[in-house]
Amino acid sequence: MKYLLTLLALTGSVFAEEVLAYPRVYWENSVKVWFWVAVIIYLIVAIPSIYFAIKYRYKKGEREEGEHIEGNTALEVVWTVIPTIIVLFLGTYSFANFVKQRNAPEGALELKVVAFMWGWEFEYPNGKKVYAFFNPEGFTAPEEQKAYIPAGKPVKVYLTSRDVIHSFFVHPAKITEDAVPGRITKLWFQINKPGEYFVFCREYCGTWHARMFAILKVVPEEEFNKWLGGAEPAQQTSSIEANITTQ
Ligand SMILES: [Cu+2]
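Keep in mind it's a predicted model, so treat the numbers as computed, not measured.

*Asks:* Quick question: what am I supposed to make of the overall build of the protein chain here?
*Replies:* Assigned secondary structure in the protein chain consists of five helices and 11 strands. Out of the 247 residues belonging to the protein chain, those deemed buried represent 33%. A fraction of 67% describes how many contacts in the protein chain between residues 6 or more apart in sequence connect residues 24 or more apart. Carbon and sulfur atoms form 64% of the exposed surface of the protein chain, whose accessible area is close to 16,000 Å².

In structure tokens form, the structure reads like this:
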């Protein structure tokens, strides 16, 4: 009984779990539905197959001439209609998730991100810029290289690249999009829990591809607004740009 209650509490907490990030949930919901449909179909096919293979296996002297079956209209209707319903459901459900995954909600914070070998330039609506690139100390970054993001707010990213094709992969949000020179692509994400998260480059782009990451510092909205308003972008930008050219 005690174990049962613990189990119930555990499953309860799993289902009540707060959504960490969007559009991750849409993707995960699609995967869950496809997974369970696949498992159920597999069982419906595999279990009777094994049963019939054993039951009707060859035995000397039994049904040696075989039996001729003419067809069964009811069965044919059933195995046409049910798969059609399943396919239509999977198609419409997945497409609905895809649309939510692609289109940023109204009122999203708009960011411009320019990828370069090997780092990221973030530009905020007021012109403030953050440069994120590899630090020899490891997977960490000084404060001024962290891109601040307001918690619980949708962020729409307009992406491009200065040199080769990169891909902006917002790891906690499970969303990625190519950054292509001469073209603007977009994605959106929302992270609900404050903390530090990684963005990785997800398109092999050269020697330092594996070091091409950025840190998103997700903070409550007031803290974000304070950070956004409280710096002199021009001066900060030039000193870090100088830093890039000397690397
Ligand atoms: Cu890259």
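Next, the rest of the story.
*Asks:* How should the sheet that holds strand S11 (residues 213-219) be read in this particular structure?
*Replies:* Adjacent strands of a sheet form backbone hydrogen bonds with each other and so pair up, either parallel or antiparallel. Taken together, five strands build an open sheet; the order of strands is S5-S11-S10-S7-S8 and the sheet is mixed. The sheet terminates laterally at strand S5 (146-150) and strand S8 (175-179), the two strands that pair on one side only. Across the sheet, the mean angle separating the axes of adjacent strands is 25° when strand polarity is ignored. Where strand S10 (residues 195-201) and S11 come together, six bridges link them in antiparallel fashion. Within S11, the position partnered with glycine 195 by the bridge is valine 218. Contacts between helix H4 (residues 221-229) and the sheet are confined to S5 and S11, with S5 contributing the most and set at about 135° to the helix.

*Asks:* Before we go on, may I ask you to explain the side chain of glutamate 177 in this structure?
*Replies:* Mapped onto the elements of the fold, glutamate 177 is located in strand S8. Side chain to side chain, glutamate 177 and arginine 102 meet in a polar contact 2.9 Å long. Those residues in contact with glutamate 177 that sit more than four places away from it in its chain are Arg102, Leu159, His166, Ser167, Phe168, Thr185, Lys186 and Leu187.

*Asks:* Can you walk me through the packing of helix H2 (residues 24-55) against helix H3 (residues 73-102) in this structure?
*Replies:* For any two helices packed against each other, one specifies the inter-axial angle together with the distance between the axes. At their nearest, the axes of H2 and H3 sit 9 Å apart, and the two run at 165° to each other. As summarised for this structure, H2 and H3 are arranged roughly antiparallel, according to the angle between their axes. Here the hand of the crossing between H2 and H3 comes out left-handed. Contact residues: Tyr26, Trp27, Asn29, Ser30, Val33, Trp34, Val37 and Ile41 in H2; Ile86, Phe89, Leu90, Tyr93, Ser94, Asn97, Lys100 and Gln101 in H3. Looking at the contact of H2 with H3 residue by residue, the classes come out as 10 nonpolar, five polar and one charged.

*Asks:* Just to check I follow, could you spell out the coordination of the copper ion for this structure?
*Replies:* Each protein donor to the copper ion is listed here as His166 (ND1), Cys201 (SG), Cys205 (SG) and Met212 (SD); together their distances run 2.0 to 2.5 Å. Geometry at the copper ion is tetrahedral, judged from its four donor atoms and the angles of 91 to 126° they form at the metal. Along the chain, the residues donating to the copper ion are arranged with the sequence spacing H-x34-C-x3-C-x6-M. On the criterion of sequence distance, the pair formed by histidine 166 in strand S7 (residues 166-170) and methionine 212 in the loop between S10 and S11 is long-range, its members being 46 residues apart.

*Asks:* I tried to follow the UniProt feature "transmembrane region" (unreviewed entry) in the protein chain on my own but got confused; where do I start?
*Replies:* Those residues carrying the UniProt feature "transmembrane region" (unreviewed entry) are residues 32-54 and 74-96 in this numbering. Helix makes up 100% of residues 32-54 and strand 0%. Its end C-alpha atoms lie 33 Å apart. This span, residues 74-96, is 100% helix and 0% strand, and a straight line between its end C-alpha atoms measures 33 Å.

*Asks:* So what exactly am I meant to see when it comes to the sheet that holds strand S6 (residues 155-161) here?
*Replies:* The strand order S1-S9-S6-S2-S3-S4 describes an open sheet built from six strands, whose pairing is mixed. Both edges of this open sheet fall to strand S1 (21-22) and strand S4 (129-133), since each of them pairs with a single strand only. Across two bridges, the pairing between S1 and strand S9 (residues 185-191) is antiparallel. Within the sheet, the bridge partner assigned to alanine 21 lies in S9 and is isoleucine 191.

*Asks:* Hey, could you run me through H4 in this one?
*Replies:* Helical geometry: 3.6 residues make up each α-helical turn, so side chains three or four residues apart lie on a common side. Listed in full, the buried residues belonging to H4 are Phe224, Trp227 and Leu228. All buried residues of H4 fall inside an arc of 100° around its axis, so they share one side. Facing away from the buried side of H4, by more than 90 degrees, are the exposed residues Glu222, Lys226 and Gly229. On the buried face of H4, the contacting elements are strand S2 (109-116), S4, S5 and S11.

*Asks:* Whenever I open this one, the side chain of lysine 128 confuses me. Can you help?
*Replies:* Tracing the sequence through the fold places lysine 128 in the loop between strand S3 (119-123) and S4. For lysine 128, the side chain forms a polar contact with the main-chain oxygen of tryptophan 227, separated by 3.1 Å.

Scoring rules and cut-offs
- Residues numbered from 1 in each chain as written.
- Predicted model: local features only at pLDDT ≥ 70, side-chain atom pairs only at ≥ 80, totals over all residues.
- Heavy atoms only, no water.
- Helix = DSSP H or I, 4+ residues; strand = E, 2+ residues; numbered from the N terminus.
- Buried < 20%, exposed > 50% of the residue type's maximum accessible area, 1.4 Å probe, protein only.
- Contact = heavy atoms within 4.5 Å.
- Areas by Shrake-Rupley, 256 points an atom, 1.4 Å probe, with all protein chains shown as cover.
- Pairing = 2+ DSSP bridges.
- Axes fitted to C-alpha atoms, helices over the stretch in contact; angles between N-to-C directions.
- Polar contact = N/O pair within 3.5 Å; in protein donor to acceptor, adjacent residues only side chain to side chain.
- Parallel < 35°, antiparallel > 145°, perpendicular 65-115°, else oblique.
- Left-handed = near helix turned anticlockwise from the far one by under 90°.
- Nonpolar A, V, L, I, M, F, W, Y, C, P; charged D, E, K, R; others polar.
- Donors = N, O, S within 2.8 Å, 3.2 Å for Na, K, Ca; no water.
- Tetrahedral: all angles 85-135°; square planar, octahedral: opposite > 155°, others 65-115°.
- UniProt positions renumbered as here; feature names shortened; annotations may be inferred.
- Arc of directions from axis to C-beta.

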